[in-house]
Structure formats: C-alpha cells, structure tokens
Amino acid sequence: LAMDEELRASLSGLVGMIELVLDTRLTVQQQADLKLGRSSADDLLSAINNLLSVAKIEAGLFELDPIPFSLRDSLGYTMGVLALRARERNCKLVSHILEQATDALIGDPVVLRQIIGNLVEHALRRPGSGVVMLRVENAWDTAQTVELEFSVTRHDTDTPSLRTQGALPADERAESAHETLLTIATRLVEAAGGRLRVKSARGREEAVLFSIAF
C-alpha cells in the first residue's frame, strides 16, 4: 500500500507538470504528443487508484475523507480528461448536471471522481462509436443530507452486427478489463454507503445508475 501511495503521488505530479506545459506556447505536434502522454499517465493513475482502493477495501482499511467541495467544479476536470479519451474512441461524452442538483457538498470528491471515471471508461470500452452521457440529479434531500443520483448511459450509434463479428482473444481480455471497471465501481459505491444498479435496454443502450448521500 505504501508503494502504491508513492506511485500515485509521483504520477499526480507528472500529470500536473504536463498540464502546466500544455498551457505554454507549443507546436501542434508538441501539443499532440503531450496530450497523449497525459492520457497515458491518467490511465496508469486510474489503474493504480483502483488497485489501491480494492486492496484497502479487502484489508478493511478503506476510509472516506469527507471535505467541503463543489460538485460541478470537482467533476469538471474529470469530464474534460474523459472527453479526450472519448474522442480517441470515436465517441461523444456529454455531461448533464441538472440545475436543481445541490452543488455545495461535504463528502469524498476523490472517490466520487474515481467512480465516475470507472463508469465512463466502462461505457467507452464498448466497441464501436456512440454517445455517453453523465446525468446528475437530486434523489431526495433534508436539512442536513442530500442523496444524489448519477447515471452513465451509453447509446451506440453504429450497427451492432458490425461490432460483434470476428471476435479475437484480445477482445476477451478487453471485455474482462471492461467488466473489472464496473466491479470496482460497484465496490466503491457500496463502500461509500450507496447502491449501484445496471439497466440494459433492448438494442444499443445501457445505463449504470448509482446513488450516494452527502
């Protein structure tokens, strides 16, 4: 666990430095190279975060770190990074946080971003092009508590038959990683006191929904 923490801190620093350099004057090729490097670093950081979280959950050491945060600000950067990955996979990422959704919260924004990241990545890893939407709304609220409902929906825009023909062993490995993201997200939601469910409609749409109280 200590080694994972060190790796996570180092990668976070690397991503931060890449962001700073991207804000300077660069050639088109330099920007493309740095964005690819940032995407790779983000992928590796996400994998380490997942491994660390699962290890802590299994060891009974997982704890939330509740702090005041802005829902919209917290998800803004995460969705920006994921939008880049969506474009690389010929998909469109849409974020729809309803106006009535409470913005000023006390909770663990790092865990929330990790859950959102896993579910969006889960949706993006399905073969073919499509639209992935994150929707956030209030499920219920009291004077001291609000439960937010999040949904990540994937709608395919190509023909299903074109996506399923000629499966290779590599596709099976990709599918295993695809399902692992959903499993880890489920465990994180449960550790945060929430619940997660999957709704698969006929045709080309899948929705994953979860609720957490803040």
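This is a predicted model, so every value here is computed, not measured.

1. Description of the side chain of E121
Within the secondary structure layout, E121 lies in helix 4 (residues 109–124). Setting aside residues up to four positions removed in sequence, E121 forms contacts with L82, R85, R89 and L181.

2. Considering the pairing of strand 4 (residues 130–141)
Two elements, strand 2 (residues 91–97) and strand 4, share seven bridges in a ladder whose sense is parallel. Residue K92 lies in a different strand from strand 4, and its bridge partner there is V131. Bridge count for strand 4 against strand 5 (residues 146–156) is eleven bridges, and the pairing is antiparallel. Opposite V132, over in strand 5, you have R154 as the bridge partner. The antiparallel pairing of strand 4 with strand 5 creates a hairpin that spans four residues between the two strands.

3. Considering helix 4
Between its first and last C-alpha atoms helix 4 spans 22 Å; for 16 residues at 1.5 Å apiece the expected length is 22 Å, and the two agree. Within helix 4, 14 of the 16 residues are buried, leaving the element largely enclosed by the surrounding structure. Where helix 4 starts, the residue carrying a side-chain oxygen 3.1 Å from the main-chain nitrogen of V110 turns out to be D108.

4. Some remarks on empty space enclosed by the protein
If you roll a probe as big as a water molecule over the atoms, it shows you where there is empty space left. In this structure the tally under the stated criterion is one cavity of 30 Å³ or more. Within this model, the largest cavity holds a volume of roughly 30 Å³. For the largest cavity, the full set of lining residues is L119, H122, A123, V152, T153, R154, E206, A207 and V208. Partitioning the lining of the largest cavity into residue classes produces five nonpolar, two polar and two charged.

5. Examining the environment of E147
For E147, the location among the structural elements is in strand 5. If we skip the residues at most four places from it in the chain, E147 touches E137, N138, A139, W140, R195, S211, I212 and A213. Reaching out from E147, the side chain makes a polar contact with the side chain of R195 at a distance of 3.4 Å.

6. Notes on the layout of surface pockets
Of the pockets and cavities examined, the largest pocket occupies roughly 520 Å³. Lining the largest pocket are 18 residues, with L45, N49, Y77, T78 and R113 sitting closest to its centre. Secondary-structure elements contributing two or more residues to the lining of the largest pocket are helix 1 (2–22), helix 2 (28–58), helix 3 (71–88) and helix 4. Top element by residues in the lining of the largest pocket is helix 4. It accounts for six residues. The class makeup of the residues in the lining of the largest pocket is six nonpolar, seven polar and five charged.

7. Remarks on the side chain of R85
Along the chain, R85 turns up in helix 3. Under the relative-accessibility criterion, R85 is labelled buried at 8%. Look past the residues within four positions of R85 in its chain and what remains in contact with it is S39, D42, D43, E121 and L124.

So, how was this worked out
- Residues numbered from 1 in each chain as written.
- Predicted model: local features only at pLDDT ≥ 70, side-chain atom pairs only at ≥ 80, totals over all residues.
- Heavy atoms only, no water.
- Helix = DSSP H or I, 4+ residues; strand = E, 2+ residues; numbered from the N terminus.
- Contact = heavy atoms within 4.5 Å.
- Pairing = 2+ DSSP bridges.
- Expected span 1.5 Å × (residues − 1).
- Buried < 20%, exposed > 50% of the residue type's maximum accessible area, 1.4 Å probe, protein only.
- Polar contact = N/O pair within 3.5 Å; in protein donor to acceptor, adjacent residues only side chain to side chain.
- 1 Å grid on protein atoms, 1.4 Å probe; cavity = no way out; pocket = protein on both sides within 12 Å on 5 of 7 lines; lining within 4 Å.
- Points joined across faces, edges and corners; volume = space filled by probe spheres on them.
- Nonpolar A, V, L, I, M, F, W, Y, C, P; charged D, E, K, R; others polar.

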